[in-house]
Amino acid sequence: MEFPFFHLDFMGNRMLIAVIAILHVLINHTLAVGFIPLMTLMEYFGYRKRKTDPDFSQKWDKLTYKMMFVAFVITTSLGAMTGVGIWLSASLINPYSIGSLIRVFYGAWFTEWIIFVLEVVFIMYYFLQWKKSNESPGAKIRHIRFGAFLSVFSWLTMAIIVAILGFMMDTGSWDSDATFLSGVLNPLYLPQLYFRTPLAMAMAGTFALFLLIFFQKKDNEVHAKAKQYISLWVLGWTPVAAAGAFAYYLQIPDAMFGNLPTAVGTMAFASWYDTMLKIIIGAVAISLLIALLSVLVPKRIPRLTYFLPIIAMFIFLGYFERIREFIRKPYVIGEYMYANTLRAEDYPLFKKEGLLKYATYSTVREITPENEVEAGKNVFMLACSRCHTVSGINSIADKFQKMVPKGEPVTAKVVADYIPNMHRVWYYMPEFPGNEEELHALSKWVVEVSKNPEYLEGAQSGGLFLSSEKNNVDQNLAEEK
Ligand code: HEC
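Please read all numbers here as calculations on a predicted model, not as lab measurements.

(A) Expanded view of the overall build of the chain. Scanning the chain from N- to C-terminus turns up 20 helices and two strands. By principal-axis analysis of the C-alpha atoms, the chain measures approximately 90 × 45 × 40 Å. In the chain, which comprises 481 residues, the share counted as buried stands at 41%. Of the contacts made within the chain by residues no fewer than 6 positions apart, 77% connect residues no fewer than 24 positions apart.

Here it is in C-alpha cells:
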C-alpha cells in the first residue's frame, strides 16, 4: 500500500490491462513468432524456384514481400506500443506484483527488454533489406539465413515471458528453494510454451491466408500455389497446437486446486472442460477443413471463407488467456499475492488492525462517525478497486443493487453480511482484508454510492493524499515475530 492508486472508473482497471494485453498477444504470436518463420520458408521456396521458373520465383517473392510488409507495419507500431503498454498499465495498476516479479526474474526483466528492442530492430532490418537482397543469389541466401535467425529470436521473447506468466499461475518449487531456475521451470512453463509455439505458427498461417484475400487480384497460379503452401503449414501445425492445448490443460487442475478448495475447483474445471472441448474441436475442425480444401482445390474456395480460420484461432487463444487469468485468481501471483495487491502473509495483521493504518495514500487513518463514508471509499480503493468500479464496468453499486428486491434501496446490513463471505461465493474474489470497523465503513459508503453513483477518481486525476503517521507493515511483522 505504498503506491498511489491509479484507477479508471469507467472501463475498470482489469479491462485496461486485458485490452492491451490481448491485442499484444495476438500481434506477437501471429505476426512475430509465427509469421517470420513462415515468411522465411516462403522466401526460401521462391529462391529455390529461381532457376526452373524465374517468373514464378519473382512473383512469389513479391507476394511474400507484400505479406511481410503488413507484419512489419503492425509489429513495429501496434505490436511495440502494446508491448510497452502492458508494462505501463500493469505497473500502474498493480505495482506490487510487478515489484515482486522483478525480484524473482531480475535478470529476465532487463534481458527481455533488450531482446524486445533487438527484435524490433531485426524485423526492420529483415524487411528493409528484402528488396536489396534480390540483387544477387548470395545476398538472397544471406537474407534467408537472417530470417531463420530472426525466427528463433522472436520465439525467445515469448519463451522468456511465458516463464513469468506460468510463475504467476503456479509458483511451484520456488516457494521452498527460491532460485531463479525454479521460478522459470514452474509447473506451467513448459506445457504453456508447448501450447503457444504451435498455436502461434498455426495462427500465422491463418493470417497469411486471410491476407491473400486482399492481395488476390485474379486467381492466378502464384496465388493458388500460395494458398496450398500456407494451408499445408496450417495443416501441419494445427494438430500440434491441439495436442499442446491438452498438455497445458492437464497441468491446470494441479495449479487450480492449489489455489481453490477442491469442490470449487472441480466445479470450475468441469464447466471449463466442456467449453474448452467445444472450442478446441471447433477451431481445429474449421482450420483443418479449410486448409485441406485449399490444398486440394485452391481455386474453388470463396475468398471470404478465409475469415473463418483466423476468427476460430483468435477465439481459441482468447479462451486460453481467459482461463489463465482465472486460474490464478484470487491471486495475482499464485498463493503469494492477492489480485487486490495485498500479500497473503499480511492478511492476519490487516484483519486485526485494519488496512487504513498501513496505507500510505489514504485520506483517513482513524475511523470516526464523521469520516466513516470517506473511510469506506478508501477501503474500497484498497480492497476492491483493482477489479471493481463505482459507476463503470463491474460496478460495485450495481452488484449490490442486484442483491436486494427490485426498487428497494441497498442497506448497510446487506453489504456487511455479504462481504465477509464474498470469497466463498465467488472464488476469484480474495477474502475481505480489513477489520470490523472498516467493513462497516465500506458498507456505509456502498450505500451512499448506490444512492448517488459517483465517478471515483484515481490518483492520476484526483491527486495524492499523503498521511504522515503511517505504520510500517514490515516493521510490525518483524516486531510480532
Ligand atoms: C480479484 C478481483 C476482485 C476483487 C479484488 C473484488 N472483486 Fe468482487 N467480483 C469480482 C468479479 C470478477 C465479480 C463477478 C463479475 C460478474 O461475473 O458479474 C465480482 C462480483 C462481486 C459481487 C457480486 C456477487 C454476486 O453474487 O453477484 C459483489 C457484491 C462484489 N464482487 C463485491 C466486492 C467487494 C465489496 C470487494 C472488495 C472488498 C470485491 N468485490 C473485490 C472480482 C473481484
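(B) Representation of the nonpolar core. Ranked by internal contacts, the top residues of the largest apolar core, which has 115 residues, are F35, A208, V379 and V446. Ranked by the residues each element gives to this core, the list is headed by helix α10 (residues 221-259), at 14 residues. Looking at this core, you find at least three residues from each of domain 1 (13-338) and domain 2 (346-480). The contacts of F35, once residues within four sequence positions are left out, are T30, A71, A204 and F207.

(C) Main features of the site of the ligand. Near the ligand lie 22 residues; those nearest to it are A339, A383, C384, C387 and K399. Counting residues per element, the ones that place at least two in the shell around the ligand are α15 (396-401) and α17 (422-425). Per-element tally for the shell around the ligand: the top contributor is α15, with three residues. Counted by class, the shell around the ligand contains 16 nonpolar, three polar and three charged residues.

(D) Looking closely at the domain arrangement of the chain. Splitting the chain by domain gives domain 1 (13-338) and domain 2 (346-480). Each of domain 1 and domain 2 has a C-alpha centre, and the two are 39 Å apart. Contacts between the two partners involve twelve residues from domain 1, matched on the other side by eight residues from domain 2. Secondary-structure elements contributing two or more residues to the side of domain 1 that touches domain 2 are α1 (13-48) and α11 (262-296). Per element, the largest residue contribution to the side of domain 1 that touches domain 2 is three residues, and it comes from α1.

(E) Representation of the packing of α11 against helix α12 (residues 307-327) within the structure. One can describe the packing of α11 onto α12 by two numbers: an axis separation of 9 Å at closest approach and a directional angle of 155 degrees. As summarised for this structure, α11 and α12 are arranged roughly antiparallel, according to the angle between their axes. Where α11 crosses over α12, the handedness of that crossing is left-handed. Listed contacts from α12 to W272, I279, I280, G282, A283, I286, S287 and I290 of α11 are L308, P309, A312, M313, I315, F316, Y319 and I323.

(F) Examining helix α2 (residues 54-93) more closely. With 40 residues, α2 ought to run about 58 Å at 1.5 Å a step, and its terminal C-alpha atoms sit 56 Å apart, in line with that. Where α2 bends most, the angle comes to about 35 degrees, and this point is T75.

(G) Representation of helix α3 (residues 95-104) in the model. For α3, every residue scored as buried is listed here: S97, L101 and V104. Looking straight down α3, one finds that the buried residues subtend no more than 55 degrees of arc, so they occupy a single side. The inward-facing, buried residues of α3 abut α6 (137-169), α7 (174-177), α8 (180-184), β1 (331-333) and β2 (337-338).

(H) Up close: the environment of K352. Take K352: it is sitting in helix α13 (residues 347-353). Judged by local crowding, K352 falls into the exposed class, with 10 C-beta atoms found within 10 Å. Residues K352 and G434, spaced 82 residues apart in sequence, show a C-alpha to C-alpha distance of 7.6 Å.

(I) Examining the confidence of the model for the chain more closely. Per-residue confidence for the chain gives a mean pLDDT of 91, with 96% of residues at or over 70. The least confident element of the chain, judged by mean pLDDT, is helix α20 (residues 473-480) at 59; the most confident is helix α5 (residues 130-133) at 97.

(J) Expanded view of the environment of F400. Tracing the backbone through its elements, the reader meets F400 in helix α15. Residue F400 is classed as buried on the basis of its 20 C-beta neighbours within 10 Å. Along the primary structure F400 and V446 are separated by 46 residues, whereas in three dimensions their C-alpha atoms are 8.1 Å apart. Sequence-distant contacts of F400, that is, excluding residues within four places in its chain, are made with V410, V414, V415, V446 and S450.

(K) Fine view of the environment of D175. Along the chain, D175 turns up in helix α7. Put simply, D175 and D417 are 242 residues apart on the chain and 35 Å apart in space, counted from C-alpha to C-alpha.

(L) Fine view of unusual backbone geometry. K329 connects to P330 through a cis peptide bond whose omega is 5 degrees. Structurally, P330 can be placed in the loop between α12 and β1. The residue A178 is not glycine, and still its phi comes out positive at about 50 degrees. Along the chain, the position of A178 falls in the loop between α7 and α8. At T341, a residue that is not glycine, the phi angle is positive and equals roughly 85 degrees. Within the element layout of this structure, T341 appears in the loop between β2 and α13. Residue T341 is classed as buried on the basis of its C-beta count, with 22 C-beta atoms lying within 10 Å.

Cut-offs used in this document
- Residues numbered from 1 in each chain as written.
- Predicted model: local features only at pLDDT ≥ 70, side-chain atom pairs only at ≥ 80, totals over all residues.
- Helix = DSSP H or I, 4+ residues; strand = E, 2+ residues; numbered from the N terminus.
- Buried ≥ 20, exposed ≤ 12 C-beta atoms within 10 Å, placed from the backbone.
- Contact = placed C-beta atoms within 7 Å.
- Core = buried A, V, L, I, M, F, W, Y, C linked by C-beta atoms within 7 Å.
- Domains from an automatic or database assignment.
- Near = placed C-beta within 6 Å.
- Nonpolar A, V, L, I, M, F, W, Y, C, P; charged D, E, K, R; others polar.
- Axes fitted to C-alpha atoms, helices over the stretch in contact; angles between N-to-C directions.
- Parallel < 35°, antiparallel > 145°, perpendicular 65-115°, else oblique.
- Left-handed = near helix turned anticlockwise from the far one by under 90°.
- Expected span 1.5 Å × (residues − 1).
- Bend = angle between axes of the 7 residues up to and from the residue.
- Arc of directions from axis to C-beta.
- pLDDT = per-residue confidence, 0-100.

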